[in-house]
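Summary of the model geometry
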Amino acid sequence: MRRFYITTPIYYANDAPHVGSAYTTVNADALARWHRLLGDETKFLTGVDEHGQKVADAAEKSGFSPHDWTERMSARFLEAWDALGIQYDDFIRTTEPRHHESVQKFLGTIYDNGYIYKDVYQGLYCVSCEDYYTIESSDQGRCPIHGSDLTEMEEENWFFKLSAFEDRLIEYFDAHPDFVTPETKRNEAYSFLKSGLKDISITRTSISWGVPVPWDERHVFYVWYDALINYLTAIGYGRDDDEVEKWWPSSHHLIGKEIIRFHCVWWPAMCMAAGLEPPSHVHVGGWLLIGGQKLGKTMAANGGLKLTDIAPITLIEEFGVDPLRYYLLRETALGNDGEFSLEGILARYNTDLANNLGNLVARVTTVVNSKCAGVGPAPQLESTLRADAETAISESAAAWQRFAPQSALEATWRLIGSTNAYLEQHAPWKMESGAALDAVMGDALEAIRLVAILSSPAMPGVCDEIWRRIGLDGSPADQILEKSAVWGRYPGGRTVVKGDPLFPRMKSDA
Ligand code: MSP
């Protein structure tokens, strides 16, 4: 059986989730759902990064202990993901004992393998990035991403010999051209690699909120060093070798573009140092921007953006969960930056959902009720719609396969467009009841059935409802694509229900 292991970054638990975190999570969820449709054994991991100074500072600022703060924030993430219909198989919290165990085992192995040594770290640090800078890599002493002052640090730390892996990493990149996608991001990681790697400080004594270093309890691991290992914790590293063997190294890490270096350079090197294969794929997404600015928590603090106004739950209340998911997947190609706006969601809602999909389902269910006694006819085997449907199936399958949900949905919407055009051409609402009308309606119902399957990774709730309205049992998610996404499988003879509009039109002041 084919397997598919997909992960999101684990989000810092310094604050509640926002639309930016939802963006990556919805993409990963839709891809996982697609692979379940393919019949792949699928594991979808997400979670929260609860350690580090940024989280400890946020807790202190709010008057909580780090433990109590992360309890609250983790609950907020779970609540948001449930509201967004995120079907994760595992939700990891880095404070869990299973994670501490895996981290200590993994980094203990690297230590035993001779890739960790003690030295004095002196340099600059950005708490918002949880990242180190040199004067050269900073923006005149300020953080190049956040514009904030950098903290000067001098500590005796344990270091990881990243420099020892330069050649092996270059070889790995050369031998695996699809390790990092899209290619522009691969090139970015590759040029970083080629510019020469320095060893990295991986422990801290100045904070205690972290995973203790097993061989030197005065230190905790630097947050990135514990966080990356979550991808192995969740598949039982150090606890269940069979599970690790089953799921590793074939893995798909979905990340945002600001964390390329950690995932494409540090992480494969760490795996090599621990005697493991590096992850097989890293897919880099762009950022959602508001007025050209990254929609992140730190920016909000600096620039006055009110992220509470654009929390996923607020948008769900306004537009509904499936329209929001559709917008996030359809508006921006994964890998590019995209401008986020309420007007953008509204436009997609009214055009793609209300006018195209909603209208198609309403027309077909109405005519079947008024002219076919509410019973859906079977499709014709040879229909002019068939070729369009087959193109939509093959194009969207190819797009999901290459991690391009936007193109997959575009292909699906072309089928919606041609089905609406087919209805306009035949105008069944003007036809007499009988075989000719049945033929048209059967074809349209079959196209709707296929659209429901192909759109279900994006809009699971609405597609379940469409499935029910055209009289089918179960849900599109129960289907296996190969068997079900085949023209002519709508059985006919099923009760078709005309319900309320799936997407009532919204006014721009809504
Ligand atoms: N905790 C680290 C990741 C550790 S993974 C081993 C971290 N957390 S984060 O909370 O800052 O989340 C980063 C991820 O959230 C990004 O990589 C990206 O996937 C997502 N996004 C956060 N803001 C975003 C946008 N404005 N737009 C798109 N995605 C965004 O880094």
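See the structure above.
Only a predicted model underlies this, so the values are computations on that prediction, with no experimental measurement involved.

**A word on the overall build of the protein chain**
Helix and strand counts for the protein chain come out as 19 helices and 18 strands. Over its C-alpha atoms the protein chain spans a radius of gyration of 25 Å, differing by no more than 12% from the 24 Å that the globule rule assigns to 510 residues. Principal axes of the C-alpha set define a box for the protein chain whose edges measure 85 × 50 × 40 Å. A buried classification covers 58% of the 510 residues belonging to the protein chain. Across the protein chain, every contact between residues at least 6 apart in sequence was considered, and the portion connecting residues at least 24 apart equals 77%. For the protein chain, the computed accessible surface area is about 20,400 Å², with 48% contributed by carbon and sulfur atoms.

**Let's talk about a negative patch on the surface**
A surface patch of negative charge is lined by D240, D241, D242 and E245. Its place among the elements puts D241 in helix α9 (residues 241-247). Note on D241: relative accessible area 59%, which makes it exposed.

**A few points about the sheet that holds strand β5 (residues 116-126)**
If you trace the 4 strands from one edge of the open sheet to the other, you get β6-β5-β7-β9, paired in antiparallel fashion. The strands lining the two open edges of the sheet, one partner per strand, are β6 (131-133) and β9 (200-201).

**Quick look at the pairing of strand β1 (residues 3-7)**
The buried fraction of β1 is high, at 4 of 5 residues. Here β1 runs beside strand β3 (residues 41-49); their pairing, made up of 5 bridges, is parallel. Of the residues in β3, the one forming a bridge with Y5 is K43. In this structure, β1 lies alongside strand β12 (residues 252-256), joined through 2 bridges in parallel fashion. In the sheet register, T7 faces β12, and the bridge partner there is H253.

**Describing the nonpolar core**
F106, F160, W248, W267 and M459 are the most contacted members of the largest nonpolar core, which has 165 residues in total. For this core, the element with the highest residue contribution is helix α17 (residues 435-455), accounting for 12 residues. Non-local contacts of W267, meaning those with residues more than four positions away in its chain, are made with F106, L228, I229, Y231, L232, W248, H253, F262 and P279. Counting 6 residues, the second-largest nonpolar core is a separate cluster that includes L124, C126, C129 and C143.

**Some details on the site of the ligand**
Close contacts around the ligand come from 25 residues, with I10, T24, D49, G256 and L288 the closest. Within the contact set of the ligand, a nitrogen atom lies 2.8 Å away from a backbone nitrogen or oxygen of I10. At 2.9 Å from an oxygen atom of the ligand is found a main-chain nitrogen or oxygen belonging to G256. Taking 670 Å² as the accessible area of the ligand by itself, protein coverage stands at 95%. When residues of the shell around the ligand are traced back to their parent elements, those giving at least two are β2 (11-12), α1 (19-37), α7 (223-227), α8 (230-233) and β12. When residues of the shell around the ligand are assigned to their parent elements, the largest contribution, 3 residues, is made by α1. Class assignment for the residues of the shell around the ligand results in 14 nonpolar, 7 polar and 4 charged.

**Let's talk about α1**
For α1, spanning 19 residues, the distance from its first C-alpha to its last is 26 Å, which sits close to the expected 27 Å at 1.5 Å a residue. Across the 19 residues of α1, 18 count as buried, placing the element largely inside the fold. Looking one or two residues beyond α1, the residue adopting positive phi is G39, at roughly 90°.

**What about the pattern of salt bridges?**
Taken as a whole and assessed by the stated rule, the structure comprises 29 salt bridges. As a salt-bridge pair, E96 and R98 come within 2.8 Å of each other at their nearest N and O atoms. Taken together, the shared-partner salt bridges connect R330, E331, R348, D352 and E410 into one network.

**Notes on the side chain of D131**
With respect to the secondary-structure elements, D131 resides in strand β6. Side chain to side chain, D131 and R261 meet in a polar contact 2.4 Å long. When near neighbours in sequence (up to four residues on either side) are disregarded, D131 contacts L124, Y125, C126, Y222, R261, F262 and W266.

**A closer look at the packing of aromatic side chains**
In this structure the tally under the stated criterion is 35 aromatic pairs. Here the basic side chain of R186 rests over the ring of Y190, its NZ or CZ set 5.0 Å away from the ring centre. Positioned above the aromatic ring of W287, the side-chain terminus of K257 is 4.6 Å from the ring centre.

**What to know about the pairing of β5**
Every regular strand shows the same layout, with side chains that alternate between the two sheet faces. Of the strand pairs in this sheet, β5 and strand β7 (residues 151-160) are connected by 10 bridges, and their pairing is antiparallel. Note on β7: the bridge partner recorded for L124 is E152. Pairing geometry for β5 and β6, over 3 bridges, is antiparallel. From the neighbouring strand, L124 faces β6, where its bridge partner is Y133. The hairpin turn running from β5 into β6, its antiparallel successor, is 4 residues long, and E130 in that turn takes a positive phi close to 50°.

**Remarks on the state of the cysteines**
One pass over the full model with this rule turns up 0 disulfides. Cysteine C126 shares no disulfide, and the gap to the nearest cysteine sulfur, in C129, comes to 3.7 Å. Cysteine C271 remains unbridged, with the sulfur of C264 as its closest cysteine sulfur at 12 Å. Accessibility expressed as a relative area gives 0% for C271, which makes it buried.

**Focus on unusual backbone geometry**
The linkage connecting T181 with the following residue, P182, adopts the cis geometry, with an omega of -10°. Note the cis peptide between W248 and P249, where omega equals 5°. By the secondary structure assignment, P249 is in the loop between α9 and β12. Its identity is not glycine, yet A373 carries a phi of approximately 55°, on the positive side. With respect to the helices and strands, the residue A373 is situated in the loop between α14 (342-371) and β17 (375-376). Of the residues examined, A373 reaches a relative accessible area of 70% and is grouped as exposed.

Basis of the calculations
- Residues numbered from 1 in each chain as written.
- Predicted model: local features only at pLDDT ≥ 70, side-chain atom pairs only at ≥ 80, totals over all residues.
- Heavy atoms only, no water.
- Helix = DSSP H or I, 4+ residues; strand = E, 2+ residues; numbered from the N terminus.
- Rg over C-alpha atoms; globule rule 2.2 N^0.38 Å.
- Buried < 20%, exposed > 50% of the residue type's maximum accessible area, 1.4 Å probe, protein only.
- Contact = heavy atoms within 4.5 Å.
- Areas by Shrake-Rupley, 256 points an atom, 1.4 Å probe, with all protein chains shown as cover.
- Patch = residues over 30% accessible without salt bridge, like charges linked within 9 Å, V, L, I, M, F, W, Y side chains within 5 Å.
- Salt bridge = Lys/Arg side-chain N within 4 Å of Asp/Glu carboxyl O.
- Lys, Arg positive; Asp, Glu negative; His and termini not counted.
- Charge placed at Lys NZ, Arg CZ, Asp CG, Glu CD.
- Pairing = 2+ DSSP bridges.
- Core = buried A, V, L, I, M, F, W, Y, C linked by side-chain atoms within 4.5 Å.
- Near = heavy atom within 4 Å.
- Polar contact = N/O pair within 3.5 Å; in protein donor to acceptor, adjacent residues only side chain to side chain.
- Nonpolar A, V, L, I, M, F, W, Y, C, P; charged D, E, K, R; others polar.
- Expected span 1.5 Å × (residues − 1).
- Phe/Tyr/Trp six-rings, centres within 6.5 Å; stacked < 30°, edge-to-face > 60°.
- Lys NZ or Arg CZ within 6 Å of the ring centre and 35° of its normal.
- Disulfide = S-S within 2.5 Å.

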